[in-house]
Every structure is written in structure tokens, then in C-alpha cells.
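# Summary of structural features
The residues making up each chain are set out below.
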Amino acid sequence: MIKVAIIGLGKMGMSHCAILGAHPDVEMAAMCDPDGLLQSAFKKLTNIKCYTDYTKMIDEAKPNAVFVVTPTRFHAEMVIYALEHNCHVFCEKPFCINHEDGQKMVALAKAKGLINQVGYHNRFIGTFNEMKRLLSIGIIGKPFHFIGEAYGPVVLKPKGGTWRADKKSGGGCVMDYAAHVLNLINYVTDNVLIEARGTFMPEIFSKEVDDAVYSTLKLENGLQGQLSVNWSDDTHRKMTTSLKIEGDGGKLEADATTLKIYIKEDKPAENLKKGWNIKYITELTSQVFFNLRGEEYSAQIDHFVHCIKEGITEHRNTFEKALQTDFIIDKLIEDANK
Amino acid sequence: MDRILLGDNQFFAVNHLSDEKSRIQSVKFKDNQAIINVLDTAMDLGINTFMCTTHDRIVKICDYMRQNPEKYKNFKFHPCMPYAHKYANAMTELGIVGTLKEYIPGNIFAVASKAGIAYVRKDFPALMELLVDAEMKMFKGMNTPVIFLQNVIVDLLIGLGMYDILVHYVEYIKKNYDAEPGFITMNMPKMVDICEEIGIKNPIICSSINKIGFRMSGDIETYEKYLNSNREFRPIAMQCLAAGALKPEEAMEYVCRFPKVESILFGASSRAHIQQTKDLIEKYSK
């Protein structure tokens, strides 16, 4: 059994905690959160040990792995403490605010040979994985343009909220929503975003942070495209993320439920016909051990557990890859403030 | 419970396969009358139970039915609470206490109120009762023989091991609403095991049941084993069409293979579709 402790029980922390609790190879041993109501609920209703000080939790509970699910500005100190105590670490996204801290965490995890992962769950969605695969075998020829988008109804009124409305804590649409899209672009193209131009990040309802991000991006391999992200968009019932890639031989369009493939010639090896082809998530998803709010959330945790069991340090969703996302976030902010 | 239950996803732009279809649906059902028309059609075809989430728009549907009591005297609701996205979006913006404050009637910080006392005493069963009452308010005077807890909550509670809340929910629904409690889950076999363990007798459990194993976590074989066993639970099948991946005929033929499945939940908005589904269920239920 892998003994797990979790720091931070907001929406994501609660979700991870429940999935971990149901995992057959995990002992969900301890939680840490300052909220009195949560402390009381966990003490009364579960067998999970409760702490308000994460250092004490790691020292006493001696977990094999730690989940860091706190506001972004706390990630560095908590992740470093856990790594120094030889814990494998799963950290929520975005990875961290300060690039030097990020590099330190990547280096420390590597030096210690510990498994490290960040909560970019789109990397576990079947449609995006199939898009990545088809792109890599050149199904649409040479790509010349992409569009990455995300929309959802998070901030719909002009009022202060949680840490997500605080720039210093790592809030704002760029950190919360855009991070997912940027990370996904890197993943699907198997490349790294290096440049942002013409960026603007309007405040729609928020006073201190951006509610939307629009920009032109460039990958290391020269491929360019647009980013369009807005978390104050109530035309969507929940967060909707999509990616389109155009090439000289066709086009790929994916969201969490559907992958649309347009090709100019038949591809019999892939069983794809000239024109539009559609693949649905139902044929691209494998069943998970426990489903709380979508297969991808369980799959990413199962992946982390699997990597610990098998000692796989290089995998699809490491600190290093998340740091590349932090890098382009910094570029976007820099460009918007020019 | 009726054999055939009409669901509500089609009314609220929920489509598990296509965001485009969601948009078309949201335009089609912008007007409450369009929803009422579908419910009337269903009634006309002999389907008298509407299983619906506690979405804000159901308030208006209930208002309309209260104004036409004679017409809807045999109509039943199976409320499913809570409407999860409302709380999930609020959690992101307001945090846990902020969300409770927003949705529990009364002020949780005013110690004199019921909510305030429950909050200060950290009385979780009492807080749960307040949330249930808040969600059930819209159904006042309507016939609600079964009241469901949505899968997001059920699966969260089973993952966290907070079984006491499930037990309390059962007691509270039976006592205060004179109704049967029901559970929607994405993890049916696990839920059956837990109900046996914590003493919830013969629970109504609604879960995905379809030929291709879509949203049947673990694996389809385990689901089939439970459905063919004599374990005590009352299954409702949902997502029989696997979000549209299956044709209605093969979908209903599969679900009807299990005599233990008591009811079948489906969503449709045209007369032809409702009729077709009903005919298929009847054909394969013989």
C-alpha cells in the first residue's frame, strides 16, 4: 500500500482525496487544511488523520507520497519540504509562481529519484491523446496553425472571491484556465511554447486579475497559433477546452468529448476516409477503477500510483513539463504588460 | 417505481458526446413551455415520471403544474439533488464556507438561526438536512416518491468514507418526505457493497448500464455479475444509449436482459423518440 497525505482540501483537494480513498493500492492516511469546518468534518466522519501544519503531518504520518493542492504561491515550500522528506509529490497546477523555485523543485525531485506529477488532467483525455497520436504520424501533413481555447463560467459578477481573485496567490484566468490550454498545446504538439505576442488580458468583472487571455503563440519548432481563453463566459455550463490544428493535408479538432478529423486523402491504415471523420470519447476511453467526476481525474491519479509502484520517473506529466507551462505564462503576462 | 422514467439532460444542454448538440438543445428549450410540451407528450404516451436535477428552471415547471393540478395529478417527480455545477462553480469562486452561506437558507453566521446553530456546533447531519430542504423547496405540493442524491455527492462521500451522511440521508428522506431515498453513482458495484456494509436495506441505485461499458467503472463484467446476482438492491439503468454510441434497439435489448433492472431512465424530446424507446422497452421486457 502507498501511504498518501494531502495538503489543501478545496474543490480539487476534496476530489483527489475521494479518488485516492477509493484506490485499491492507496492508504489515504492524513490531511492538512486550516479550515475549522473541514477539520471537524474529517475528524467526525472519516478515518483520515487531520493536521493544520503540513510539516508536522509529513514528520508524523511519514507518507510515501504527498498531494499539494493549495494556492499556487504555497506550492514551492510545501513541495520542497515533501521532497526533502523523500515523498513522491503530486502538485496541482499551475506549478509555481517563481521560475527559480520551479527549477529547484525539478532538480531536487530528479536528484532524489522521486516521482513527480502535476494535475494537468487533459493529458489523460482520450480525444486529446488520439489527436496527439494522429498528429505525430503526420495524418494532416505539415501543420501550419493552431487554436487553443477554453471557456467557462467561473467569475460572472463583480465581487471579490477566493485566492483565485488574487494575483499574488497565483489567481486570474491566465493561471487557472489558460494554463490548461498552454500545457495541452505543448503536450499534443510534443513541443514547447516559447513566445507570446499581441497579448491582451482584459478584466471583465474582476478588479485585480485578468478574466480572459488572448494572444498569438509560437512553438520552438516554429508553429504558430492563437490562444483564446475566458473564464467569465456563461454560454458554457462548465469549463470547455478545445484545440484545433490545421495542416496542409487536413485538420484536427478536439475537445473532451469529440475528435474531428478532416483529411484530403484516404488513410486506410488508420481506417480514415477522405473528408470528415469523427471519433467519440466513448471509443477512446478506458474504464477507471473509480469514477468521481470524469475518467481523466481518476486516470491521472492511477498513473501517479503506477509510476510510484514501477519507479517510472520520466512520464507524460512531470514537474519539468509543468515548468514549461509556467514559462509561457510568464511570457504572456510580460507581453500583456508591455 | 414506474418502469420507464423520463430524464432531463436534453432540456438543460447536457450532451456527453457533443457540445454542438448541447447548444442546439439549449436553443430549443430556452422556453419553459417547450419543456412542458415534452412532459405532456410523455404523459400522453403513458410515461408519468420525470427524473430531474434540482435545476433553477424546474421551479417554473413546478409552478405551472401547481396551477394545473387536475391535469398533473398522476405526475411524479424523482428529484436529483443537488444541481452539481451550481455548487462546483460556487466552490471555485467562494470556497466551502462561502458556498454554504450562499445556499443554506438563513444566515449560517447568525447563531440564533437553525443554520447558525448547526454551523457553530459543526452538526453535519443538520447541515445536510438544511441543504436537502433548500433543494426540495421547489417541489412543494408535488408528488416526489423517490428522492435521489446525485452521483457527484454519492461518489464523493463513498470515496472519502463518509458513510454516516448516506445513512442519515436515508433516514431523513424517509421520515421528512415520506419518500424512498435513491442514489445515483458511477460506481454501482462498490455502492452495493457499501450499502450492505452500513445497513442500507434494498437501496435504489441508479447507474450507467450499457452494452459497451461506458461510464461503468471497474468493468462491465462486474456490473453484469451484480445485476445477475440476488444481492438486495433496486437498479435503475441510465446512459443505456452510451451517450448515443449505441442504437436504441440494441441498447434496450441489452438492458432488458437483466430482469433485476427495475426502471430505465432515458432522455428524449420528440414524440417519435419517446414512442420508439417506450415500444422497445416494452418489446424486450416481455
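Since the structure is predicted, the reported quantities are computational estimates derived from the model, not experimental observations. (Residues numbered from 1 in each chain as written. Chains lettered and ligands numbered in written order. Predicted model: local features only at pLDDT ≥ 70, side-chain atom pairs only at ≥ 80, totals over all residues.)

### Some words on the overall build of chain A
Condition: Here a strand is any run of E in DSSP of at least two residues, a helix any run of H or I of at least four, and the numbering for each starts at the N terminus. For this measure, only C-alpha atoms enter the radius of gyration; the expected value for a globule follows 2.2 Å times N^0.38, where N is the number of residues. Exposed residues have 12 or fewer other C-beta atoms within 10 Å of their own C-beta, buried residues have 20 or more, and residues in between are partly exposed; the C-beta atoms are placed from the backbone. Contact between residues is assigned whenever the C-beta positions, reconstructed from backbone atoms, fall within 7 Å.
Per the secondary structure count, chain A includes 10 helices and 14 strands. For 338 residues, the compact-globule estimate of 2.2 N^0.38 gives 20 Å, and the C-alpha radius of gyration of chain A, at 20 Å, lies within 12% of that figure. Judged by the C-alpha coordinates and their principal axes, chain A covers about 60 × 45 × 40 Å. Here chain A, with 338 residues, has 51% of them falling under the buried criterion. The long-range fraction of contacts in chain A, counting pairs at least 24 apart against all pairs at least 6 apart in sequence, stands at 69%.

### Considerations on the overall build of chain B
Scanning chain B from N- to C-terminus turns up 12 helices and eight strands. For chain B, whose C-alpha radius of gyration is 19 Å, the value lies close to the compact-globule estimate of 19 Å for 286 residues. Judged by the C-alpha coordinates and their principal axes, chain B covers about 60 × 45 × 35 Å. Here chain B holds 286 residues, and 44% of them are scored as buried.

### So, the sheet that holds strand E10 (residues 224-230) of chain A
All names here are of chain A. Inclusion rule: Strand pairing is assigned whenever DSSP detects at least two bridges linking the two strands. The angle between two axes is taken between their N-to-C directions and runs from 0 to 180 degrees, where each axis is a line fitted to C-alpha atoms and a helix contributes only its stretch in contact.
Spatial strand order, E8-E9-E10-E7-E11-E12-E13-E14: eight strands in an open sheet with mixed pairing. Looking at which strands have only one partner, the edges of the open sheet turn out to be strand E8 (193-200) and strand E14 (275-280). Recorded for the sheet is a direction-independent mean angle of 15° between the axes of neighbouring strands. By the bridge criterion, eight bridges tie strand E7 (residues 143-151) to strand E11 (residues 240-247) in an arrangement that is antiparallel. Looking at E11, one finds that Ile 147 is bridged to Lys 244. Sheet strands touched by helix H6 (residues 126-136): E11, strand E12 (250-255), strand E13 (258-263) and E14. Its angle to E12, the strand with the most contacts, is close to 160°. Across the sheet, helix H10 (residues 319-336) lies against E8 and strand E9 (212-219), angled at about 30° from E8, the strand it touches most.

### Observations regarding the interface of chain B and chain A
In plain terms, the rule: When residue character is reported, Ala, Val, Leu, Ile, Met, Phe, Trp, Tyr, Cys and Pro are called nonpolar, Asp, Glu, Lys and Arg charged, and the others, Gly included, polar.
The partner chain A presents 38 residues to the 39 residues of chain B that form the contact. Elements supplying a minimum of two residues to the side of chain B that touches chain A: helix H4 (84-103), helix H7 (151-160) and helix H8 (163-177) of chain B. In terms of residues, the side of chain B that touches chain A owes the most to one element, H4 of chain B, which gives 10 residues. Of the residues that constitute the side of chain B that touches chain A, the class distribution is 20 nonpolar, 12 polar and seven charged.

### Let's talk about the sheet that holds strand E3 (residues 49-51) of chain A
Residue and element names in this part refer to chain A. Across the sheet, which stays open at both edges, the six strands sit in the order E3-E2-E1-E4-E5-E6 with parallel pairing between neighbours. If you trace the sheet from one side to the other, it starts and ends with E3 and strand E6 (116-118), each paired once. Taking each pair of neighbouring strands and ignoring which way they run, the sheet shows an average axis angle of 20°. Examined bridge by bridge, strand E4 (residues 65-68) and strand E5 (residues 88-91) share four bridges and lie parallel to one another. Bridging from a neighbouring strand, Ala 65 pairs with His 88 of E5.

### Topic: the domain arrangement of chain A
All names here are of chain A. Filter applied, for reference: The split of the chain into domains comes from an automatic or database domain assignment.
Taken domain by domain, chain A comprises domain 1 (2-121) and domain 2 (123-289 + 317-336). Placing a centre on the C-alpha atoms of domain 1 and another on those of domain 2 gives a separation of 27 Å. On the side of domain 2, 22 residues touch domain 1, which itself brings 21 residues to the contact. When residues in the side of domain 1 that touches domain 2 are grouped by element, the largest group, six residues, is from helix H5 (residues 99-112). Of the residues that constitute the side of domain 1 that touches domain 2, the class distribution is 11 nonpolar, eight polar and two charged.

### Observations regarding the pairing of E10 of chain A
All names here are of chain A. Pairing of E7 with E10 involves six bridges; the strand directions are parallel. Paired with Ile 147 across the strands is Gln 226, a residue of E10. Connecting E9 to the antiparallel partner E10 that follows it, the hairpin turn spans four residues, and Gly 222 within it adopts a positive phi of roughly 100°.

### Some details on the pairing of E5 of chain A
Residue and element names in this part refer to chain A. Rule in force here: Seen with its strands pointing away from the viewer, a crossover is right-handed if its path from the first strand over the helix to the second goes clockwise.
On E5, burial covers both faces: His 88 and Phe 90 on one face and Val 89 and Cys 91 on the other are all buried. Once the chain exits E4 it traverses helix H4 (residues 75-84) before rejoining the sheet at E5, and the crossover so formed is right-handed. In this region the chain leaves E5, passes through H5 and returns to the parallel neighbour E6; the handedness of that crossover is right-handed.

### Things to note about helix H10 (residues 220-227) of chain B
Residue and element names in this part refer to chain B. So the rule is basically this: Each C-beta atom gives one direction from the helix axis, and the arc is the one those directions make.
What H10 keeps buried is the set Tyr 223, Tyr 226 and Leu 227. One side of H10 carries all its buried residues, which in axial view fall inside an arc of 100°. Exposed side chains of H10 directed beyond 90 degrees from the buried face belong to Glu 221 and Lys 225. Tucked into the core, H10 has its buried residues touching helix H9 (188-198) and strand E7 (234-238).

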